[in-house]
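# Coordinates in review
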Amino acid sequence: PDSFGPRDLGIETAMLEHPVGTLAFPKNMQVGAIQLAALHAANHSYSPYSKNFSGVAIVLADGSVYTGAYIENAAFNPSLSPLQVALVNVVVAGKSYDQIRRVVIVESGSPQALASQIPATKMLLTTIAPTATLERYKAY
């Protein structure tokens, strides 16, 4: 009967009103447009509890790119992984999983990050797009 949202748990901003993150790749790191798309998604993720800001960019066979950002739930579970969010965008665009060729994930390299999306991303990709490549990057 009582409210149960982020503010009730001591979190000041809700999912749709949080500020854009400030993650960046190390200055000497060479990255392309796909890595930057995943970084952009990571900076739009909502991760006030685990501090695991992460984003994904999916590249399809036709070269199109779909991104997704991690979204934590106030109740901690279920949250949406960045891959799940990106896959929703793929489906909404009328594309299919068998078109996935490459997935890039960017996560916070901060020691404050309490979790990683990489194991779940790898496991799900093995099932839905076993021939896709997975690239992992840390941003700070």
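In this report, the structure presented in the accompanying data block is examined.

Quick notes on the rules
- Residues numbered from 1 in each chain as written.
- Predicted model: local features only at pLDDT ≥ 70, side-chain atom pairs only at ≥ 80, totals over all residues.
- Heavy atoms only, no water.
- Helix = DSSP H or I, 4+ residues; strand = E, 2+ residues; numbered from the N terminus.
- Buried < 20%, exposed > 50% of the residue type's maximum accessible area, 1.4 Å probe, protein only.
- Contact = heavy atoms within 4.5 Å.
- Pairing = 2+ DSSP bridges.
- Axes fitted to C-alpha atoms, helices over the stretch in contact; angles between N-to-C directions.
- Salt bridge = Lys/Arg side-chain N within 4 Å of Asp/Glu carboxyl O.
- Arc of directions from axis to C-beta.

## Considering the overall build of the protein
Of the regular secondary structure elements, the protein holds three helices and four strands. For the protein, the sequential pattern of α-helices and β-strands runs α-β-β-α-β-α-β. Residues classed as buried in the protein amount to 42% of the 140 residues present. Sequence-distant contacts, at least 24 apart, represent 64% of the contacts inside the protein between residues at least 6 apart.

## A short note on the sheet that holds strand 3 (residues 100-108)
Strand order in the open sheet formed by four strands is 2-1-3-4, and the pairing between neighbours is mixed. With partners counted over all chains shown, the strands left at the sheet margins are strand 2 (65-69) and strand 4 (133-139), one partner each. The mean inter-strand angle of the sheet, taken between neighbouring strand axes irrespective of direction, is 15°. In this sheet, strand 2 lies alongside strand 1 (residues 54-60) in antiparallel orientation, the contact comprising five bridges. Note on strand 2: the bridge partner recorded for Ile58 is Tyr66. Where helix 3 (residues 118-128) meets the sheet, it contacts strand 3 and strand 4, and its direction lies at approximately 170° from that of strand 3.

## Notes on the pattern of salt bridges
A side chain with one charge may pair with a side chain of the opposite charge, provided their charged atoms come close. All told, the structure shown has three salt bridges when counted by the stated rule. A salt bridge links Glu135 to Arg102; the nearest nitrogen and oxygen atoms lie 2.6 Å apart. Residue Glu135 is found in strand 4, and its partner Arg102 is found in strand 3; the two are separated by 33 residues along the sequence.

## Re helix 3
Residues separated by three or four positions in an α-helix point in the same direction, a consequence of the helix having 3.6 residues per turn. When helix 3 is considered as a whole, its buried residues turn out to be Ile118, Thr121, Leu125 and Ile128. Across the axial projection of helix 3, the buried residues extend over an arc of 105°, all falling on one side. Exposed side chains of helix 3 directed beyond 90 degrees from the buried face belong to Pro119, Met123, Thr126 and Thr127.

## Focus on the pairing of strand 3
Most of strand 3 is tucked away: seven of the nine residues are buried. Relative to strand 3, strand 1 is paired through seven bridges, and the arrangement is antiparallel. Looking across to strand 3, one finds that Val59 is bridged to Arg102. With seven bridges connecting them, strand 3 and strand 4 associate as parallel partners. By the bridge assignment, Val104 is partnered in strand 4 with Glu135.

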